[in-house]
Amino acid sequence: MNYTESEIMEYIEEEDAKFIRLAFRDAFGVQKNISIMPSEIHKAFKEGIPINAKAIRGFETSGESSLYLKPDPATLSVLPWRPDSGRVLRMFCDVCKADSSPYEADTRYILKKAVEEAEAVGVEFKFGSEMEFYLFKTDDEARPTKIPYDEAGYLDIAPLDRGENIRREICLTIEEMGLTPERSHHERGPGQNEIDFHYGKPLKAADQIITFKMVVATVADRNGLYADFSPMPLSDKPGNGYHINIFAKDNNGEDVVKYAAAGILDKIKDITIFLNPTDSSYNRFGNSTAPDKVNWSSMGGSELMYISDEHGRTRVELRSPDALSNPYLAYALLIHAGLYGIKNKLELPKEMDAESVSLPKSRKEALKAAKNSDFINEILPKVIVDKYIS
C-alpha cells in the first residue's frame, strides 16, 4: 500500500513506534540501514537523510560527499521481532543526490529504469524466487561453525528434519511483514533449506529478497544458529542456488516469455558476474544439479534454464544465480536481456544441445565477458561495472 506522509505519521503514533530504519543496499546488494526518530520523518521525505557516500561500496566515486536516503512509503513494515512497546518500523529507500535527483548507481534505481523501459514497449515482467540456505550450529561464543543443524535430505520430515520449526517461524515472520511465501522444505544437503515466493513485480520481488535474507538471518540467530547463503558452504555437498522464475507478457496479454528466455540465454555469459559475484560461485557450477552449460530443458535436471508449459502458461526458471547476487541488478539485467529476445523475436536453441557452450568457469572469465560486453556497458553505469571488475 502506498501510504502518504501523514498516514505514516498516524501509523507511527498508533503503533508506538520509536525508531524507523531506513534501509538501502550497496552495489553488491548487501543491506545497510540508518535509524531515525519519528521527528525526522518529514525531513526524510522532503530532503532525505544524509549518509557518508565514501563509506559504501559502489558509492565511493559518486563525486558526492553525502548521498541522501528517501523512503519509499509503499515498503513500510513493522519488524516483528522488536518490542511491542517502542516498535521499530522499516522502509526501503531510494538513494539521491543533494539536488534530489536519483543517484545513477543506486541499483534500486537501475531496476526502476529497466521496468520503465519494458513498460514503454508494452511488456510486463514478474519474478518469483526459490532460495536455498544452510543452517549451521554456533559455538559457545555464538560464532558460526560448519556443523549442519541436521543430517536430513531432500523433502525429509521431522525429527530427521530439524529445520521444520525454523522455516515455519521464518514464513510466519515474513507474513507479518506483508509478504507471501509460497512453500518451504528441506533441501538435499544436511542442514540445507529452501523457501519459495510467488511471482511479483520486479521492484517488490527484489525488496522481498532483501527482506527474506534479513529475516532468515535474524530468526536463525534467535535460535542459536547461523544461516549461510553462500554458493558452496560445504565443499562436498550441494551448493546454494537462487533460482529465478520469469514471467513476461505483452500489452495484448500474450505470453512472450520464450522470446525473453532466448534473449537471456544469448546474453547469459555477459551477465553472469552479476548473478554469481564471488569466486566460490564458480565452484558451485557443475556441482550436484547446478548448471555449467548454456542450455535449456523441459525435463528439469541440471540445465541452465528449465522451460515447460504448465496450466496454460509457460514457466521459465533460471538456475544459475546464487544468493550473494544483488537482486536489483539481477532483475534489471534479466529484463534487458529478455527485452532483447522479445524485440528480435529470438527462437530458443535446440533443447539440451550437446554442443552447448559452457558458463564462465571462473570469476576471472566472467569479469572478462562483462568488461568486453557492449550490452553491459550500455545498461549499467560505469561505476557499477568498474566496482565488480575491481
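Use the structure listed above.
Starting from 1, residues in each chain are numbered consecutively following that chain's sequence as written. Side-chain atom pairs in this predicted model are given and counted only at pLDDT of 80 or more, local residue features only at pLDDT of at least 70, and totals for whole chains, interfaces and linings cover all residues. Processing note: side-chain calculations cover all non-hydrogen atoms of the structure and skip hydrogens and water entirely.

1. Considering the packing of aromatic side chains
The geometry of an aromatic ring pair comes down to the distance between the two centres and the angle between the two planes.
For step 1, the next point in the chain: Stacked, tilted and edge-to-face are the three classes applied to pairs of Phe, Tyr and Trp rings, where Trp contributes its six-membered ring and a pair requires centres within 6.5 Å; stacked means planes under 30 degrees apart, edge-to-face means over 60, and tilted covers the rest. According to the stated counting rule, one finds 13 aromatic pairs in the structure shown.
For step 2, the next point in the chain: Taking the centre distance of 6.4 Å and the plane angle of 25 degrees together, the rings of Phe 24 and Phe 59 count as stacked. Of this pair, Phe 24 sits in strand 1 (residues 17–25) while Phe 59 sits in the loop between strand 3 (49–52) and strand 4 (66–71), and the two are 35 residues apart along the sequence.
For step 3, the next point in the chain: For each residue, the accessible area found with a 1.4 Å probe, counting protein chains only, is set against the maximum for its type, and the residue is called buried under 20%, exposed over 50%, and partly exposed in between. For Phe 59, a relative accessible area of 1% gives the class buried.
For step 4, the next point in the chain: A centroid spacing of 5.4 Å and a plane angle of 80 degrees characterise the contact between Phe 197 and Phe 212, whose relative ring orientation is edge-to-face. Of the two residues, Phe 197 is situated in strand 10 (residues 192–200) and Phe 212 in helix 5 (residues 202–222); the sequence distance between them amounts to 15 residues.
For step 5, the next point in the chain: Phe 197 sits in the buried class, given a relative accessible area of 2%.
For step 6, the next point in the chain: Residue classification places Phe 212 among the buried residues on the basis of a relative accessible area of 0%.
For step 7, the next point in the chain: An aromatic cluster of three or more residues is present, and its members are Phe 133, Phe 197, Phe 212 and Phe 229.
For step 8, the next point in the chain: The criterion for a charge sitting over a ring is simple: Lys NZ or Arg CZ within 6 Å of the ring centre, and within 35 degrees of the ring normal. Against the face of Tyr 328 rests Arg 25, its NZ or CZ located 5.2 Å from the ring centre. Counting from the N terminus, the helices are DSSP H or I runs at least four residues long and the strands are E runs at least two residues long.

2. Focus on the packing of helix 6 (residues 257–275) against helix 8 (residues 327–343)
For step 1, the next point in the chain: Note on geometry: axes are C-alpha line fits, over the in-contact stretch for helices, and angles between N-to-C directions span 0 to 180 degrees. Closest axis-to-axis distance for the helix 6/helix 8 pair is 7 Å, and the angle between their directions is 145 degrees. Two packed elements cross with a definite hand, and for helix 6 against helix 8 that hand is right-handed. Here Tyr 259, Ala 260, Gly 263, Ile 264, Asp 266, Lys 267, Ile 271, Phe 274 and Leu 275 of helix 6 lie close against helix 8, whose contacting residues are Leu 329, Ala 330, Leu 333, Leu 334, Ala 337, Gly 338, Tyr 340, Gly 341 and Ile 342.
For step 2, the next point in the chain: The residue inventory of the contact of helix 6 with helix 8, partitioned by class, reads 13 nonpolar, 3 polar and 2 charged. Each crossing gets its hand from how the near helix is turned against the far one by less than a right angle, where anticlockwise is left-handed and clockwise is right-handed. Residue contacts follow a heavy-atom distance rule, with two residues in contact if any of their heavy atoms lie within 4.5 Å. Classification used: nonpolar for Ala, Val, Leu, Ile, Met, Phe, Trp, Tyr, Cys and Pro, charged for Asp, Glu, Lys and Arg, polar for all others including Gly.

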